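# An overview of the molecular structure
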Amino acid sequence: MNMNDIEKNGLVLLGCGKMGSAMLKGWLDGGLPPASVWVSDPNPSDWLVGIKGLNLNTDLPSAPAVVLVAVKPQMMADALPTLAAMGNGETLFISVAAGITIATYEELLGSRTPIVRAMPNTPAAVGRGITAIIGNGLATADHAELAEALLSSVGQVVRLDSEDQMGAVTAISGCGPAYTFHLIEAMAAAGTAKGLNPDLALTLARATVAGAGHLAENSEEDPSQLRVNVTSPNGVTQAALEVLMSDSDGFPPLLLRAVEAAINRDRELGE
Ligand SMILES: NC(=O)c1ccc[n+]([C@@H]2O[C@H](COP(=O)([O-])OP(=O)(O)OC[C@H]3O[C@@H](n4cnc5c(N)ncnc54)[C@H](O)[C@@H]3O)[C@@H](O)[C@H]2O)c1
């Protein structure tokens, strides 16, 4: 199964806010015709309303290739039963919601429903996302391929061995863009605090994070060597890294605490 099946039988997107829009933008930019997509969202954005040919809040096809669920975890119990008639059939359900387990989808949609739980991230909007996926017992190799085809059109896809990994995945790559944007904000604020014009500080911070990310992704050297390459012995970077890399109050223990908080919240949302 591939994107042709989606083009032919349709994709229903339930919920099209920040994450749904990021993926939809990536799919449309990648050539998926708007006429193959049905979006159901009670508060569509101006961007959605403006997409010519898109099926927005109209009757849904009875057996689309894929239903992609992108409503908030808290809305799931209200939103999903409206699509229960598509459960227990050939339609593949893919959910990107944090926390909600495959067992919950099976309860809401029927235990014979093929389901893939996925965790994407918002760089999907520019084709640079990464999505982790895991299917239920009903999701065949064909279904997994279909999910992978859809999600790889907006970035990389990795397959998980176990649903138990999803909390940590969410905390790293699902939420990670927010940590990175905050790093840009914090670098810009520090530059401003040290006398730079705020616009200049933001330009420096944004380009540095983007350039370093690109280098980390494209270099044959691993991130620790790339860090060493910036760090002259007893130089300026070393002075900064002695603060940032402190085992007691540096970046590693702080990030670990943040990731643990995210994993705990992910677990709570699934309860
Ligand atoms: N934003 C991210 O970076 C991100 C990353 C990975 C996963 N997710 C997951 O994606 C899901 C959506 O998150 P978001 O950030 O896009 O939230 P959002 O609030 O921006 O979007 C949710 C959308 O669902 C719509 N909605 C509400 N009730 C509905 C209903 N009954 N039927 C159809 N649509 C309905 C809302 O109008 C809204 O547009 C969440 O489950 C979240 O865990 C988000």
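Here the structure is a predicted model, which means the values were calculated and not measured.

To continue, consider the UniProt feature "domain: Pyrroline-5-carboxylate reductase catalytic N-terminal" (unreviewed entry) in the protein. With numbering aligned to this structure, UniProt lists the feature "domain: Pyrroline-5-carboxylate reductase catalytic N-terminal" (unreviewed entry) at residues 12-99. End C-alpha to end C-alpha, residues 12-99 measures 21 Å, and it is 23% helix and 19% strand.

One pass over the full model with this rule turns up five salt bridges. For Asp29, the salt bridge goes to Lys25, with nearest N and O atoms at 2.9 Å. Of the two residues, Asp29 and Lys25 both sit in helix 2 (residues 18-29), four residues apart, roughly one turn of that helix. Owing to a relative accessible area of 55%, Asp29 belongs among the exposed residues under this scheme.

We now examine the pairing of strand 5 (residues 92-95). Residues of strand 5 alternate between two faces, with Leu92 and Ile94 on one and Phe93 and Ser95 on the opposite face, all of them buried. Bridge count between strand 5 and strand 6 (residues 115-119): three bridges; the pairing is parallel. Residue pairing for strand 6: Ile94 is matched across the bridge by Val116. Running through helix 5 (residues 102-109), the crossover from strand 5 to the neighbouring parallel element strand 6 is right-handed.

To continue, consider the confidence of the model for the protein. When pLDDT is averaged along the protein, the result is 95, and 100% of the positions lie at 70 or above. The complex prediction reports pTM at 0.95, with the ipTM value standing at 0.98.

What follows deals with the site of the ligand. Within the structure, the ligand sits among 22 residues, and Lys18, Met19, Asp41, Val71 and Ala98 are positioned closest to it. Between the ligand and Ala98, the relevant distance is 3.0 Å, taken from an oxygen atom to a main-chain nitrogen or oxygen of the residue. Looking at the shell around the ligand residue by residue, the classes come out as 14 nonpolar, five polar and three charged.

Every disulfide links exactly two cysteines, by a covalent bond between their sulfur atoms. One pass over the full model with this rule turns up zero disulfides. Cysteine Cys16 remains unbridged, with the sulfur of Cys175 as its closest cysteine sulfur at 20 Å. Given a relative accessible area of 27%, Cys175 falls into the partly exposed group.

Our next topic: the layout of surface pockets. Taken as a whole, the second largest pocket encloses approximately 830 Å³ of empty space. As for the second largest pocket, its lining consists of 31 residues, of which Met19, Ala70, Val71, Lys72 and Pro73 are closest to the centre. Contributions of two or more residues to the lining of the second largest pocket are made by helix 2, helix 4 (76-79), helix 7 (166-174) and helix 8 (176-193). For the lining of the second largest pocket, a count of residues per class yields 18 nonpolar, nine polar and four charged.

Further remarks concern the sheet that holds strand 3 (residues 55-56). The eight strands lie next to each other as 3-2-1-4-5-6-7-8, forming an open sheet whose pairing is mixed. Both edges of this open sheet fall to strand 3 and strand 8 (155-159), since each of them pairs with a single strand only. Both strand 2 (residues 37-40) and strand 3 contribute to a ladder of two bridges, which runs parallel. Its bridge partner being in strand 3, Trp38 is matched across the sheet by Asn55.

Of all five residues in strand 6, five are buried, a share of seventy percent or more. Side chains of strand 6 alternate between two faces, with Ile115, Arg117 and Met119 and Val116 and Ala118 buried alike. One ladder, built from four bridges, connects strand 6 with strand 7 (residues 129-135); its direction is antiparallel. Paired with Val116 across the bridge in strand 7 is Gly135.

What follows is about the environment of Leu32. The topology assignment puts Leu32 in the loop between helix 2 and strand 2. Along the primary structure Leu32 and Glu7 are separated by 25 residues, whereas in three dimensions their C-alpha atoms are 6.8 Å apart. The contact partners of Leu32, leaving out residues within four places of it in the chain, are Met3, Ile6, Glu7, Leu11, Trp27 and Val37.

At 3.6 residues per turn, the α-helix brings residues three or four places apart onto the same side. Taking 1.5 Å per residue as the helical rise, helix 2 with its twelve residues ought to reach 16 Å, and the 16 Å between its terminal C-alpha atoms agrees with that figure. In terms of burial, helix 2 is a largely internal element, nine of the twelve residues being buried. Burial in helix 2 covers these residues: Met19, Gly20, Ser21, Ala22, Met23, Leu24, Gly26, Trp27 and Leu28. Looking at the buried side of helix 2, the elements it contacts are strand 1 (11-14), strand 2, helix 3 (46-49), strand 4 (66-69) and helix 6 (141-152). Positive phi appears at Gly31, one or two residues downstream of helix 2, with a value of about 110°.

Reading guide: rules and limits
Residues numbered from 1 in each chain as written. Predicted model: local features only at pLDDT ≥ 70, side-chain atom pairs only at ≥ 80, totals over all residues. Heavy atoms only, no water. UniProt positions renumbered as here; feature names shortened; annotations may be inferred. Helix = DSSP H or I, 4+ residues; strand = E, 2+ residues; numbered from the N terminus. Salt bridge = Lys/Arg side-chain N within 4 Å of Asp/Glu carboxyl O. Buried < 20%, exposed > 50% of the residue type's maximum accessible area, 1.4 Å probe, protein only. Pairing = 2+ DSSP bridges. Right-handed = clockwise from strand over helix to strand, strands pointing away. pLDDT = per-residue confidence, 0-100. Near = heavy atom within 4 Å. Polar contact = N/O pair within 3.5 Å; in protein donor to acceptor, adjacent residues only side chain to side chain. Nonpolar A, V, L, I, M, F, W, Y, C, P; charged D, E, K, R; others polar. Disulfide = S-S within 2.5 Å. 1 Å grid on protein atoms, 1.4 Å probe; cavity = no way out; pocket = protein on both sides within 12 Å on 5 of 7 lines; lining within 4 Å. Points joined across faces, edges and corners; volume = space filled by probe spheres on them. Contact = heavy atoms within 4.5 Å. Expected span 1.5 Å × (residues − 1).

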